[in-house]
Amino acid sequence: MVDDMRERANERIALIAIQRSLKIRGMSLSGGNRITTSKISLLRILTFCLIMSAAVLMPMSVCQAQEDTVRIGVQSDMPDYMTLQQWEMTTEYLSQEIPGHSFEIIPLSYDEMLIAADNGDVDIVVCSPVLEVALEYKYGASAIATRMNNWQGESYQIHGAVVITRADRDDINDLSDLKGRSFAATPENSFAWRIVQRLMMNEGIDPYTDLKSELGHSHRAVIDAVINGDVDAGAVRVGTLEQMVLEGTLDIDNIKGIHLYRMNMDDGESDTRFHIIGGQVIKGVPFIHSTSLYPEWAFTRLPYTNVDLAGNVAKTLHTMPVSSAIDQDDRYAGWGTPLSYQPVHKLMQELQIGPYEHYGEVSLVDAVSKYWYIPLLLIFIILLMMIYLRKLTSLNQELKSESSRRKQAEQTLKKYADELEYSNETKDIFTDIMRHDLLNPINIINGFTDLLLGTETDESKRHKLENIKLSNEQLIEMIKNASKFSKLDATESIQLETTDIGSLMEKAAYNLKHESTTKQMDIKLPVGGPYTASANSIIVDVFVNLLSNAIKYSPAGSRITTDVLDAGDMWKVTVTDAGEGIADEDKTLIFERFKRVHKKSIKGSGLGLAIVKRIIDCMAEMWV
């Protein structure tokens, strides 16, 4: 169907070219030099036919050598000869005012115009607002002038429609009253009908289903049908009522407008209010109208048309006298500055017609073409999620395995802890038993030894008894220290209380007064105080042990010095004696159990400093 339409359009364009070629040579197919066969001979008829054939077959390049031909496509549904006649004076004026160019008219329908524009068969187009928008959307065309209409000496560039009914129809006062009623209007592809269709749709009325629409009438025929009662209501373009009233062919009292923006018919006067049309301010609109107002027909330049040529055409149209286009209809008042056709774009979008037939619909191909990056992004995200899930699954498995190992380790540790706790309890019981059961016979031995020493006079025997008593006392000290160390070793922390370090050192020195006096040694205690600290009274054992070792390993008659120094948030306690000291390599051994650096003849178990270290670890810090 499209190919047939394209072929018809090409045939019409070729026919118009032939007609123009004949006209250049002073001939016409529709008038002018008429030939009467009754007044010429057969020879003259043959000669005329040869001239006709030569004229038709003559290359157009001969004419173009003299001037460029500008093809103006005119949208028209009238017979071609009527369209050519209507625009003849306009083309002659343009050809005269723009040197080097010859203008010709090519009448085309809506669809034929689109094909001609697609083929490049026309340079400039005169078209309705709907076709102008289609050309603008599809080819990037642009209006260079908008038609002006005359009303009582004023020019207007507006297009709109008014909905009417008979004045005596009291049952029809608003658009909603039209539902289910008959409605007459212009042809479906006319701009006036599209304007009314949009109005109805915006008011929630579908003119094709809610009304009994009868399309295809002329404007005057619509008015006659309404007045005669053939239809309930109708719609015509703005200015039609006013023109018929002015002509005397319509009594305005017989009709009434519906959904009017305003009415100003009194004495033919127009108010001075402003109306926005296509983004421009239009002053003084005297016509009643039910719809929004839109721009009139357009003179449109196609994108491949020379810009300078289009500018000259626009300038010439703006200055062209109305008398130079006398063949136009009575409303014609020339061509003015082009208006914006965006309101028409909006109308066609809402109605989904012309290039906006699928407006708002997005096909899969369009969606992929426009938003191609979204599927790629989704695929990328899915891949990342798959990698992440795989990694997460692997980590989850590792965590489960690690959790299982931890549970096993915890169970093993708990088992060991239970065993250790049982072992400690057993050890404590054993220590208590050992201490009790060993000390009893030792104390008995010690008692009998004291008894024998009290009665024995033999020095040799007394010496042996004193050795027994000394060894026995060492054994008692060892048992007591072992028991004490065992209990401390199982203790993680010691309860602390506020106490005075100085008084505890005095107590320790007092406990060792017999030993220090025996060796004629002086213990110098700290002066000043008090030295308040958080400690446990068991620390007295520490001071006793340290002072005891100082007495044991220092020469008789020497001095032992103790001091308490301020070390910030702690007290630094020192015990200094006159002994020979301990080598650096042996200092790490003195706190180990059963380790003695200088045994000599000094009694000891090797547990004293180990006990001291354990007590200090529970409360503070100790070093040599």
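Up top is the structure.
Residues numbered from 1 in each chain as written. Predicted model: local features only at pLDDT ≥ 70, side-chain atom pairs only at ≥ 80, totals over all residues. Heavy atoms only, no water.

J.: Tell me about the overall build of the chain, residues and numbers included.
T.: Scanning the chain for helices and strands turns up 18 helices and 21 strands. In the chain, which comprises 624 residues, the proportion classed as buried is 37%. Long-range pairs, those at least 24 residues apart, make up 74% of the contacts in the chain with a sequence separation of at least 6. Here the chain displays about 36,100 Å² of accessible surface, and carbon together with sulfur accounts for 54% of that area. (Helix = DSSP H or I, 4+ residues; strand = E, 2+ residues; numbered from the N terminus. Buried < 20%, exposed > 50% of the residue type's maximum accessible area, 1.4 Å probe, protein only. Contact = heavy atoms within 4.5 Å. Areas by Shrake-Rupley, 256 points an atom, 1.4 Å probe, with all protein chains shown as cover.)

J.: Before we move on, can you summarise the nonpolar core with the specific residues and values?
T.: Ranked by internal contacts, the top residues of the largest apolar core, which has 30 residues, are Val163, Leu175, Leu178, Phe183, Met200 and Met348. Counting only elements with at least two residues in this core, the list comes to helix H6 (129-139), strand S7 (161-166), helix H7 (191-202), strand S10 (233-237) and helix H11 (342-351). Sort the elements by how many residues they give to this core and H7 lands first, with 6 residues. Non-local contacts of Val163, meaning those with residues more than four positions away in its chain, are made with Leu175, Leu178, Phe183, Leu199, Gly234, Ala235, Lys256, Gly257, Ile258 and Ser290. In this structure, Ile501, Ala508, Ala533 and Val564 belong to the second largest nonpolar core, which totals 23 residues. (Core = buried A, V, L, I, M, F, W, Y, C linked by side-chain atoms within 4.5 Å.)

J.: Let's hear about unusual backbone geometry: which residues, and what values?
T.: Peptide bonds are trans in most cases, and residues, glycine excluded, mostly fall at negative phi. With phi around 55°, Gln152 is a residue other than glycine that occupies positive phi space. If you trace the backbone, Gln152 turns up in the loop between strand S4 (142-151) and strand S5 (154-156). Not every positive phi belongs to a glycine, and Gln520 is a case in point at roughly 55°. Structurally, Gln520 can be placed in the loop between helix H16 (513-518) and strand S18 (522-524).

J.: Describe the sheet that holds strand S20 (residues 559-566), listing the residues and the values that go with them.
T.: The 3 strands are arranged S18-S20-S21 in an open sheet whose pairing can be described as mixed. The sheet is open, and its two borders are formed by S18 and strand S21 (571-576), each paired with just one other strand. If you compare each strand with its neighbour and ignore which way they point, the axes differ by 10° on average. Its contacts with the sheet put helix H15 (residues 501-511) on S18, S20 and S21, and the angle it makes with S20 is roughly 165°. Strands in contact with helix H17 (residues 539-553) are S18, S20 and S21; relative to S20, the strand with the most contacts, it is inclined by about 145°. (Pairing = 2+ DSSP bridges. Axes fitted to C-alpha atoms, helices over the stretch in contact; angles between N-to-C directions.)

J.: Got a sec to walk through the sheet that holds strand S8 (residues 182-184)? Specific residues and values, please.
T.: Remark on secondary structure: sheet strands pair via backbone hydrogen bonds, oriented parallel or antiparallel. Pairing within the open sheet is mixed, and its 5 strands lie in the order S9-S8-S10-S7-S11. Across the chains shown, the open sheet's two edge strands, defined by having one partner strand only, are strand S9 (212-214) and strand S11 (255-258). Mean inter-strand twist for the sheet, computed between neighbouring axes without regard to direction, equals 30°. Looking at chain direction, S7 and S10 are connected through 5 bridges and run antiparallel. When the bridges of S10 are listed, Ile164 appears paired with Gly234. Packing of H7 onto the sheet brings it into contact with S7, S8, S9 and S10, and relative to S7 it is tilted by some 75°. Most of the contacts of helix H8 (residues 219-227) go to S10, to which it runs at about 155°, and overall it touches S7, S8, S10 and S11.

J.: Tell me about the pairing of strand S16 (residues 332-336), residues and numbers included.
T.: Along S16, 5 of the 5 residues are buried, which leaves the element largely enclosed by surrounding structure. Looking at chain direction, S4 and S16 are connected through 3 bridges and run antiparallel. The partner of Asn149 across the bridge, within S16, is Tyr332.

J.: Requested: an account of the packing of helix H5 (residues 110-119) against H6, with residues and values cited.
T.: The relative placement of two packed helices is expressed as an angle between their axes plus a distance between the axes. It is at 11 Å that the axes of H5 and H6 come closest, and there the two elements cross at 30°. When the interaxial angle is binned, H5 and H6 end up roughly parallel. Helix-helix and strand crossings are classified by hand; for H5 and H6 the assignment is right-handed. When H5 is examined against H6, the residues Tyr110, Met113, Leu114, Ala117 and Asp118 are found in contact with a partner set consisting of Val130, Leu131, Ala134, Leu135 and Tyr139. (Parallel < 35°, antiparallel > 145°, perpendicular 65-115°, else oblique. Left-handed = near helix turned anticlockwise from the far one by under 90°.)

J.: An account of the pattern of salt bridges is needed here, citing residue identities and associated values.
T.: Scanning all chains against the criterion turns up 11 salt bridges. Across the salt bridge formed by Glu402 and Arg406, the nearest N and O atoms sit 3.5 Å from each other. You can see Glu402 and its partner Arg406 sitting in helix H13 (residues 373-455), 4 residues apart, about one turn around the helix. Accessibility expressed as a relative area gives 54% for Arg406, which makes it exposed. Salt bridges linked by common partners bring Arg169, Asp171, Arg181 and Asp232 together as one network. (Salt bridge = Lys/Arg side-chain N within 4 Å of Asp/Glu carboxyl O.)

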